[in-house]
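A closer look at the structure
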Amino acid sequence: MFHSVPRRPICEVGVNTIRLQSSRSLLRAVDEGREKLQRFPWLGRNVGLLLSWLQRAGVGTYRAPRQKKKGLLSIFADHCGFVTGQRLRRAFQVGELYSNLYSEGTRWTLVGNIWRRFQNKHAPTGKLVAALAGVFMWENEKVQDEEIRRCGLELEAIEAVKGLCTPSGTMARQQEGDWEVVVEKKDFRVWKRPIPNSHLYEYRVLGSYNDVTPRQFFNVQLDTEYRKKWDSLVIKLEVVDRDANTGSEVVHWATHFPYPMYSRDYVYVRRYDVDLENNMMILVSRAVQHPRVPETQEFVRVHSYQSKMVIRPHKSFDE
């Protein structure tokens with residue numbers, strides 16, 4: 001007579017097999033991802049953090065398996081881990097393919113276009129995922145058309161006040177409200193007013209020049225390479241990102257400040273417009289945060305910054 005041999009439940013064997021395969025697949029995908037990430041630094045630090053988290057989770061699951069029978073939820077979780085590993089491996093393969101086909105600038109443009117389409121359909125989710133992935137959200141940070149239009153209206157209002165101004169400047173002060181006149185000359189005037197909830201001031205300048213064409217004056221504001229030649233205070237000045245749809249640019253500008261203050265740096269988005277109908281050139285800039293230019297201890301980051309410039313020719317843009 002033969003004694004019966006105790007059998008392990010089939011479901012438990014199946015669960016352990018799935019868990020083992022999924023854990024090993026996930027770990028293998030993470031290891032491959034780390035190796036490829038070293039070859040492609042443009043994928044960013046956030047992907048590395050994600051891989052570290054997945055590896056810790058995978059190692060913990062592999063080294064300390066539960067001895068109890070797993071239910072349907074545990075089987076589903078293990079299956080998700082297996083699928084995640086496969087998708088990570090495929091994502092790195094796609095990234096390697098695009099890195100061989102396109103330059104770094106083209107890759108960032110492609111990623112930006114994908115995120116713009118995604119955020120149009122899922123705005124709240126898109127913002128969160130973009131922050132984690134280190135993608136700049138042009139749709140939210142770009143200079144809007146309304147901002148450009150308001151700049152033109154402000155210049156027209158200032159010129160109207162100038163026309164009503166008496167020799168003593170009484171009418172101008174009445175029209176300007178909370179703006180305080182700082183400098184007042186024939187072709188040059190400066191105002192200031194306090195910024196709410198701050199000890200800082202914002203300034204407004206109105207000037208007239210007769211020795212330079214409007215187009216030359218405007219081009220000097222945009223030419224970052226030329227700025228490095230004539231401005232000895234510039235430490236770093238470069239365009240780090242561009243939006244092909246609006247022509248907007250993100251600029252990183254580092255500059256010396258008088259001793260004993262530390263050097264400052266600015267990260268700002270700028271957009272310009274040449275309004276032929278109203279005979280104006282407009283340039284708007286304001287501070288933003290960009291994932292490619294994180295804060296460092298080398299400079300003091302200026303977070304509150306904006307600049308609006310409107311140029312109106314006396315006759316034409318080239319006279």
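Residues numbered from 1 in each chain as written. Predicted model: local features only at pLDDT ≥ 70, side-chain atom pairs only at ≥ 80, totals over all residues. Heavy atoms only, no water.

1. Here we look at the side chain of Glu249
Inclusion rule: Runs of H or I in DSSP of at least four residues are treated as helices and runs of E of at least two as strands, each being numbered from the N terminus. Polar contact is defined as a pair of N or O atoms within 3.5 Å, subject to the rule that within protein one atom must be able to donate a hydrogen and the other to accept it, and that residues adjacent in sequence are counted only when both atoms are side-chain atoms.
Within the secondary structure, Glu249 sits in strand 5 (residues 249-255). One polar contact links Glu249 to Arg242, side chain to side chain, over a distance of 3.2 Å.

2. Focus: the sheet that holds strand 2 (residues 188-194)
Counted only if it meets this: Any two strands are treated as partners once DSSP identifies two or more bridges connecting them. Axes here refer to lines fitted to C-alpha atoms; in helices the fit is confined to the stretch in contact. Angles between the N-to-C directions go from 0 to 180 degrees.
Strand order in the open sheet made by the 3 strands is 1-2-3, with antiparallel pairing throughout. The strands lining the two open edges of the sheet, one partner per strand, are strand 1 (180-184) and strand 3 (201-207). For this sheet, the mean inter-axis angle between neighbouring strands, taken without regard to orientation, is 20 degrees.

3. A look at the packing of aromatic side chains
Threshold: Pairs were defined over the aromatic rings of Phe, Tyr and Trp, the Trp ring being its six-membered one, requiring ring centres within 6.5 Å. Orientation was assigned from the angle between planes: stacked under 30 degrees, edge-to-face over 60, tilted for the rest. Relative accessible area decides the class of each residue, using a 1.4 Å probe on protein chains only: under 20% of the type maximum gives buried, over 50% gives exposed, and in between gives partly exposed. Working rule: Lys NZ or Arg CZ, within 6 Å of ring centre, within 35 degrees of ring normal, means a charge sits over the ring.
Applying the stated criterion across every chain yields a total of 5 aromatic pairs. Between Phe218 and Tyr272, the ring centres sit 5.8 Å apart and the planes meet at 75 degrees, which makes this aromatic pair edge-to-face. Note that Phe218 is positioned in helix 9 (residues 214-222) and Tyr272 in strand 6 (residues 264-275), a separation of 54 residues in sequence. Judged by relative accessible area, Phe218 falls into the buried class, the value being 3%. In textbook terms, an aromatic cluster arises when at least three aromatic residues are bridged by ring pairs, as seen for Trp253, Tyr266, Tyr268 and Tyr305. The lysine or arginine in question, Arg204, covers the ring of Trp179, its NZ or CZ lying 4.4 Å from the ring centre. The ring of Trp191 carries Arg204 above its face, with NZ or CZ at 5.2 Å from the centroid.

4. Quick notes on the pattern of salt bridges
Stated precisely, the cut-off is as follows: What makes a salt bridge here is a side-chain nitrogen of Lys or Arg within 4 Å of a carboxyl oxygen of Asp or Glu, nothing more.
Summed over the entire model, instances satisfying the criterion amount to 12 salt bridges. One salt bridge in this structure joins Arg242 and Glu249, with 3.2 Å as the shortest N-O distance. The class for Glu249 is buried, based on a relative accessible area of 15%. Each of Asp178, Arg193 and Glu202 takes part in salt bridges that share partners, so that together they form one network.

5. Topic: the environment of Asn245
Mapped onto the fold, Asn245 is located in the loop between strand 4 (234-242) and strand 5. Separated by 107 residues in the primary sequence, Asn245 and Trp138 have C-alpha atoms spaced 9.8 Å apart.

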